[in-house]
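What the coordinates show
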Amino acid sequence: MSTEKEQQLYQQGLEKTRGSLWGRIKSVFGGKTSIGEEEFEQLEEIFITGDVGMQYTMKLVEDLRRSVTGDLSDIQIRSYLRGWIEGVVKAKPPAMAPESIPSPDSGPRVTIIVGVNGTGKTTTVGKLAYKYIQAGRSTMVVAADTYRAAAVKQLQIWSERSGALFVGGQEGGDPAAVVHDSLTSALKTGVSNVLIDTAGRLHTKEPLMRELEKIRNVAGKIIESAPHEVLLVLDATTGQNALVQAREFVQAAGVTGVVITKMDGSARGGILIPIAGELGLPVLYVGLGEGLEDLVEFDPAEYAKGIIGE
Ligand SMILES: Nc1nc2c(ncn2[C@@H]2O[C@H](COP(=O)(O)OP(=O)(O)O)[C@@H](O)[C@H]2O)c(=O)[nH]1
Ligand SMILES: [Mg+2]
């Protein structure tokens, strides 16, 4: 269940998507008492251009055809769409908020954050660290993005904001060595969660994907069960591209959960539907702004309300 504040974030953050989706859907039905082929075609176009994707758009329109016969009021259609969307994006079995998952008996719970450049990985690590600390868990953030000094500095600033311990490598250093040192120190200090920020990489670039494998292996050497989680960060503003990245990363990087950022920045929030529906992986959080508190646990009902309206 989302708090009132989170509900507000969903409503505000998804305003652009809602304007585009519901705004246009409404105009298709406006003042009509029955609905025919022409309207269904218009709806198809709205969902496809709204990033819902071909597969789910076809399914949605087919289901609508069967279900919406009598009353065409806004209220009825909205409530149908909300229920449909909620059903598609719900994780089965329900996802558990990572910050409420206990750490293993010995050592911290280790999470690696992956994704392409600029999707919001570092920002998400900072916001996540804050969430964990709010939940009473001591947290260390690790800058394993050693390609740019600025990336290390950026995470350090987030660690100060969130109150997390910080470990960063030297520019040009070996990311796996940073992970090695940080986990060794995390074991000593008894910190309960470690979040590892990695460099942006394309799933098509072999050496970088191998580097990720090395990071995973090193983590597993120091803490046997690590990594406990690999979170893939996807940028909603990239639309269908995010879906392509998701498919590839899930295959190549052992992803266990997804975070979708910048839902507030565009009208492309519909992209969450095929991502959640197709991957069979839980969407754990959504980014609804740039601030420390703008990462919220994914709530299917609030999401559906956010993009369709009440
Ligand atoms: N509006 C908005 N901006 C975001 C969100 N998450 C990240 N950003 C911005 O996206 C940009 C890239 O983020 P960064 O964390 O550096 O991406 P990285 O390259 O994957 O580490 C920054 O300007 C962030 O402030 C979000 O949920 N909403
Ligand atoms: Mg980064």
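Overview of the structure. Counting restarts for each chain: residues are numbered from 1 in the order of the written sequence. Here chains are named by letter from A upward and ligands by number from 1 upward, in the order in which they appear as written. Where local features are concerned, this predicted model is filtered to residues with pLDDT of at least 70; where side-chain atom pairs are given and counted, the filter is 80 or more; whole-chain, interface and lining totals use all residues. Just so you know, side-chain values use all the structure's heavy atoms and leave hydrogens and water out.

Describing the overall build of the protein
In terms of regular secondary structure, the protein is built from twelve helices and eight strands. The globule rule puts the C-alpha radius of gyration for 310 residues at 19 Å, and the 21 Å found for the protein is close to it. Dimensions of the protein, computed from C-alpha atoms along their principal axes, come out at roughly 70 × 40 × 35 Å. Throughout, exposure labels follow a simple rule: accessible area from a 1.4 Å probe, protein chains only, divided by the maximum for the residue type, with under 20% read as buried, over 50% as exposed, and the rest as partly exposed. Across the 310 residues of the protein, 54% fall into the buried class. Looking at the protein alone, contacts between residues at least 24 apart form 77% of all its contacts between residues at least 6 apart. Working definition: helices are DSSP H or I runs of at least four residues, strands are E runs of at least two. Numbering for both runs from the N terminus. Values of the radius of gyration come from C-alpha atoms, whereas the globule rule sets the reference at 2.2 Å times the count of residues to the power 0.38. Whether two residues are in contact is decided by their heavy atoms, any of which lying within 4.5 Å being enough.

A look at the nonpolar core
We define a nonpolar core as any set of buried Ala, Val, Leu, Ile, Met, Phe, Trp, Tyr and Cys residues linked to one another through side-chain atoms lying within 4.5 Å. L43, L272, I273 and Y303 are the most contacted members of the largest nonpolar core, which totals 78 residues. Ignoring any residue separated from it by four or fewer positions in sequence, one finds L272 in contact with V89, I260, M263, G277, V283, V286, F298 and Y303. Judged by nonpolar contacts, the second largest core, of 17 residues, contains L128, L231, V233 and L284.

What about the side chain of E229?
Within the secondary structure, E229 sits in strand β5 (residues 229-235). Here a polar contact means two N or O atoms within 3.5 Å. Within protein one must be a hydrogen donor candidate and the other an acceptor candidate, and residues neighboring in sequence count only if both atoms are side-chain atoms. Looking at E229, its side chain comes within polar contact range of the side chain of R109, at 2.7 Å. Once residues lying within four places of it in the same chain are set aside, the contact partners of E229 are P98, R109, V110, T111, I112, T256 and L284.

Quick word on the pairing of strand β4 (residues 193-198)
Consecutive residues of a regular strand have side chains that alternate between opposite faces of the sheet. The buried count for β4 comes to six of six residues, which makes it a mostly enclosed element. With burial as the criterion, each face of β4 is covered, one bearing N193, L195 and D197 and the other bearing V194, I196 and T198. Here, a strand pair is defined by DSSP locating no fewer than two bridges between the strands. With five bridges connecting them, strand β1 (residues 109-114) and β4 associate as parallel partners. Its bridge partner lying in β4, T111 is registered against L195.

Structural notes on the site of ligand 1
Close to ligand 1 lie 16 residues; G118, K121, T123, D264 and E290 are nearest. Here an oxygen atom of ligand 1 and a backbone polar atom of G120 are 2.9 Å apart. All accessible areas in this document rest on Shrake-Rupley with a 1.4 Å probe, and a residue is counted as covered only by the protein chains that are shown. Within the complex, 79% of the 580 Å² of free accessible area of ligand 1 lies under protein. Per element, the largest residue contribution to the shell around ligand 1 is four residues, and it comes from helix α6 (residues 121-134). Taken together, the residues of the shell around ligand 1 break down into one nonpolar, ten polar and five charged. Being near a molecule or strand, for a residue, comes down to having at least one heavy atom within 4 Å of it. Note on residue classes: Ala, Val, Leu, Ile, Met, Phe, Trp, Tyr, Cys and Pro are nonpolar, Asp, Glu, Lys and Arg are charged, and everything else, Gly too, is polar.

Points about the sheet that holds β4
Two strands in a sheet stick together by hydrogen bonds in their backbones, pointing the same way (parallel) or opposite ways (antiparallel). Across the sheet, eight strands lie side by side as β3-β2-β4-β1-β5-β6-β7-β8; this open sheet has mixed pairing. Of all strands in the sheet, those bounded by a partner on one side alone are β3 (165-168) and β8 (295-297). Pairwise comparison of adjacent strand axes, ignoring direction, gives a mean angle of 25 degrees for this sheet. To get an axis, a line is fitted to the C-alpha atoms, and for a helix only the part in contact is used. The angle between two axes follows their N-to-C directions and goes from 0 to 180 degrees. The sheet contacts of helix α9 (residues 206-222) involve β1, β4 and β5, and relative to β1 the element is tilted by about 175 degrees. Where helix α11 (residues 272-279) meets the sheet, it contacts β5, β6 (257-261) and β7 (283-287), and its direction lies at approximately 175 degrees from that of β6.

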